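# An overview of the molecular structure
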Amino acid sequence: MELPPYRFGAPVDPPWFCDRQRELGVVVDRMEAGIHVFVLSPRRYGKTSLIRRASERVASAGGRTAYANLLLATNEAEVATVILQAVLRGVLGPAGRARHSLESLLRRLRVHPSVSIGLDGAVSVSLDPSLAAGRWIDVVADAVAVLHQAAGHRPAALVLDEFQVVSTIGRTGLGGAFKALADGAEGVSLVFAGSHLAVMEQLTKGAGAPLHGMGERLVLDVVPEEPMVAYLQRRARTAGKRMGRSTAGLVYRLADAVPNYVQQLALAGLEAAGADVEIAGGHVELGLRTIVERQASTFAQQFEALASAPAQQRTLKELARRPTASVYAKAFLDAVGVANANAVTTALHALDGREMVVRKDRVWDVADPFLRRWLVQE
Ligand SMILES: Nc1ncnc2c1ncn2[C@@H]1O[C@H](COP(=O)(O)OP(=O)(O)O)[C@@H](O)[C@H]1O
Ligand SMILES: [Mg+2]
């Protein structure tokens, strides 16, 4: 079966992963040195893909890695469960090894989980929620210790993806508890990855931040134009198509340079080209329209969800028409129909919380280029 030329929507491996050699080098180095690292970017820039590649490199050089995705965790017990399960899977390998080895790992835990093994050999754990609530941090600390021991003298790294989630758990978030954990995680590199820049910055940046100074901050930017354009052209050829430099550049710009959207639009352009060998600018435009049409009902829902906050709706519409740094200027207040700067701050803060707007080089804009197009069209 032929591989699709472009991929989006989920983390990617080669051949869909391009560039990022410098960032990859940084993450691998820190993982191997047992240094903690924060990987921050808006959603869909490629954090998970990057960390996955880094983990593979560390593992293939003999290190031990574990990957925990906190996205669906809603309380302390679930955070602990996800992390413990990730470590057990990382240590045992994808297919699960001898029961004996699993049992010896379990013996090192102070809080005992129930364990089941799936048909594919993958270990699943569950913890008594009432027990785990009070002792969740012990569970996590033990998981880190198990990873460390399993690594022996080789590198060990625990990835905590979607880490922004911890800020919404408990009364004050779990940042402080993770600081204590990071302090005590001798020999294990903790890799904190998160979107939601404002939240991740609250956790990591500035004197009062719970995780301030705990590790290196890597703020992931978009893939630069040159390697991304070369990638688009190369992948078009594998599908028996041609995409000129300027067309690839158009894809890059219309998709705001965000890797996920660039790949989505490139695929739509290729599909719009039909039997034509050359993917032209017109095909990309057509592809963009198709994407916006297909997502129209989702966009409508997203917009309707803001109905109780019309200032947010108007802010979003205004930014779609005119991205701007001057959100407190009279022209902007008038356009949004609010009386003062506070109202704009509140609206932007809420929209930022939903990851619907981004601020880049001081300019506020709609985060999703396709949503922006939909708003302008409507
Ligand atoms: N290095 C890369 N090269 C090309 N495309 C990428 C790269 N990293 C990510 N992408 C694109 O972005 C999408 C989302 O990647 P992902 O790693 O899940 O991002 P994040 O974790 O930041 O939300 C992928 O499906 C792919 O289309
Ligand atoms: Mg991700």
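Everything numeric in this text was worked out from a predicted model, so none of it was measured.

Here we take up the pairing of strand β4 (residues 123-126). Where burial is concerned, the two faces of β4 differ: the one with V123 and V125 is buried and the one with S124 and S126 is not. For strand β3 (residues 114-117) and β4, the ladder comprises four bridges, and the chain directions are antiparallel. Residue S114 lies in a different strand from β4, and its bridge partner there is S126. Where β3 hands over to β4, the hairpin turn is made up of five residues, of which G121 adopts a positive phi near 85 degrees.

Take the sheet that holds strand β6 (residues 188-194) next. The five strands are arranged β2-β5-β6-β1-β7 in an open sheet whose pairing can be described as parallel. Every interior strand has two partners, whereas the edge strands, β2 (64-69) and β7 (216-219), have only one. Going across the sheet, the axis of each strand differs from the next one's by a mean of 15 degrees, ignoring polarity. Helix-sheet contacts for helix α2 (residues 47-60) involve β1 (37-40), β2, β5 (156-161) and β6, and the interaxial angle to β5 is about 165 degrees.

On to the nonpolar core. A80, I83, V87, L147, L158, L160 and V191 are the most contacted members of the largest nonpolar core, which has 62 residues in total. It is helix α3 (residues 76-92) that provides the largest number of residues to this core, a total of 11 residues. Residues in contact with L147, not counting those within four places in the same chain, are R64, A66, V87, G90, V91, A156, L158 and V188. With 51 residues, the next largest nonpolar core counts V262, L267, I279 and V366 among its residues.

The next point concerns the domain arrangement of the protein. As far as domains go, the protein holds domain 1 (21-219), domain 2 (225-302) and domain 3 (305-377). Of note, the centres of domain 1 and domain 2, computed from C-alpha atoms alone, are 35 Å apart.

Taken together, 23 residues are adjacent to ligand 1, and G46, T48, S49, P259 and N260 come closest. Elements represented by at least two residues in the shell around ligand 1 include exactly α2 and α10 (259-272). Classifying every residue of the shell around ligand 1 by side-chain character gives 10 nonpolar, seven polar and six charged. Counting contributing residues, the shell around ligand 1 receives three or more from each of domain 1 (21-219) and domain 2 (225-302).

As a further point, take the packing of helix α8 (residues 225-238) against helix α9 (residues 245-254). Between α8 and α9, the shortest axis-to-axis distance is 9 Å and the interhelical angle comes to 115 degrees. When you trace α8 past α9, the crossing you get is right-handed. Counted together, E225, M228, V229, L232 and Q233 of α8 and R245, A248, G249, V251 and Y252 of α9 form the full contact between these two elements.

Quick look at α2 now. Over its 14 residues, α2 extends 20 Å from the first C-alpha to the last, a length consistent with the 20 Å expected when each residue adds 1.5 Å. If you follow the buried residues of α2, they end up packed against α1 (21-33), β1, β2, β5 and β6.

One way to put it is that α9 packs onto α10 with a least axis distance of 8 Å and a crossing angle of 130 degrees. When the axes of α9 and α10 are compared, the pair comes out oblique. Crossing handedness for the pair α9 and α10: right-handed. On α10, the residues touching V251, Y252 and L254 of α9 are V262, L265, A266 and G269. Within the contact of α9 with α10, the residues separate by chemical class into six nonpolar, one polar and no charged.

Once that is clear, we can look at the pairing of strand β10 (residues 357-360). The pairing of β10 with strand β11 (residues 363-366) spans four bridges and is classified as antiparallel. Residue pairing across strands places V357 opposite V366, the latter belonging to β11.

To continue, consider the environment of H36. Locating H36 in the fold gives a position in the loop between α1 and β1. Of the residues examined, H36 has 21 C-beta atoms within 10 Å and is grouped as buried. Expressed as a C-alpha distance, the spacing of H36 and T168, which sit 132 residues apart in the sequence, is 22 Å. Each residue touching H36, except ones within four places of it in the same chain, is listed here: A182, S189, L190, M214 and G215.

To continue, consider unusual backbone geometry. Only a minority of non-glycine residues have a phi that is not negative, and only a minority of peptide bonds are not trans. Here P14 and P15 are connected by a cis peptide whose omega angle stands at 5 degrees. Examined against the element boundaries, P15 turns out to sit in the segment before α1. Phi angles above zero are rare outside glycine, and R44 is one such case at about 70 degrees. For D361, which is not glycine, the phi dihedral falls at a positive 50 degrees. Turning to its location among the elements, D361 is positioned in the loop between β10 and β11.

On to the environment of Q202. When you line up the elements, Q202 lands in helix α7 (residues 197-204). Spatially, the C-alpha atom of Q202 lies 28 Å from that of A255, the residues being 53 residues apart in sequence. With residues up to four places along the chain from it excluded, the contact list for Q202 reads S167 and A209.

What counts as what
Residues numbered from 1 in each chain as written. Chains lettered and ligands numbered in written order. Predicted model: local features only at pLDDT ≥ 70, side-chain atom pairs only at ≥ 80, totals over all residues. Buried ≥ 20, exposed ≤ 12 C-beta atoms within 10 Å, placed from the backbone. Helix = DSSP H or I, 4+ residues; strand = E, 2+ residues; numbered from the N terminus. Pairing = 2+ DSSP bridges. Axes fitted to C-alpha atoms, helices over the stretch in contact; angles between N-to-C directions. Contact = placed C-beta atoms within 7 Å. Core = buried A, V, L, I, M, F, W, Y, C linked by C-beta atoms within 7 Å. Domains from an automatic or database assignment. Near = placed C-beta within 6 Å. Nonpolar A, V, L, I, M, F, W, Y, C, P; charged D, E, K, R; others polar. Left-handed = near helix turned anticlockwise from the far one by under 90°. Expected span 1.5 Å × (residues − 1). Parallel < 35°, antiparallel > 145°, perpendicular 65-115°, else oblique.

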